Amino acid sequence: MFSEEHRAAALANQRAAAFIRFQMLGDHEAMSFILRDLEGTSQLSFVTALASLSATIASKHMGEENAKDYFRMVAETSATLAEPLD
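Residues numbered from 1 in each chain as written. Predicted model: local features only at pLDDT ≥ 70, side-chain atom pairs only at ≥ 80, totals over all residues. Heavy atoms only, no water.

A. Expanded view of the overall build of the chain. Summing up its helical and strand segments, the chain has four helices and zero strands in all. Shown N-terminal to C-terminal, the secondary structure of the chain runs as helices and strands in the order α-α-α-α. Considering only C-alpha atoms, the chain reaches an extent of 50 × 35 × 25 Å along its principal axes. In the chain, once contacts between residues fewer than 6 apart in sequence are set aside, the share between residues at least 24 apart is 47%. A gap of 9 Å separates the mean positions of the 7 positive and 12 negative side-chain charges of the chain. (Helix = DSSP H or I, 4+ residues; strand = E, 2+ residues; numbered from the N terminus. Contact = heavy atoms within 4.5 Å. Lys, Arg positive; Asp, Glu negative; His and termini not counted. Charge placed at Lys NZ, Arg CZ, Asp CG, Glu CD.)

B. The nonpolar core, seen in detail. Membership of the largest hydrophobic core is limited to nine residues, which are Ala-12, Ala-16, Phe-19, Ile-20, Ile-34, Leu-38, Phe-46, Ala-49 and Leu-50. Among the secondary structure elements, those contributing two or more residues to this core are helix H1 (4-25) and helix H3 (41-62). Considering each element in turn, this core owes the most residues, four residues, to H1. Every residue in contact with Phe-46, bar those within four places of it in the chain, is listed here: Ala-12, Arg-15, Ala-16, Phe-19, Ile-34, Leu-35 and Leu-38. (Core = buried A, V, L, I, M, F, W, Y, C linked by side-chain atoms within 4.5 Å. Buried < 20%, exposed > 50% of the residue type's maximum accessible area, 1.4 Å probe, protein only.)

Read these as layout, nothing more, since geometry by itself doesn't imply function.
This is how it looks when you write it as structure tokens:
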């Protein structure tokens, strides 16, 4: 029997995998459904699982250094876009 933490992690992984699959297929309604269902600890677990799966996929297809560069660029661009307007 699995602990509550193991089941929560498994559910987060399932949601993250579904989210990535739906994103790849362009099924925005399904993505929205998954995201609306999350809050609190479930949301943090989902984001963690999503990041892990994304890093694995990116590293496999882009190479580890290119993936790091890509995610750095995304973070820097997003930080710039998120700055308050003057």
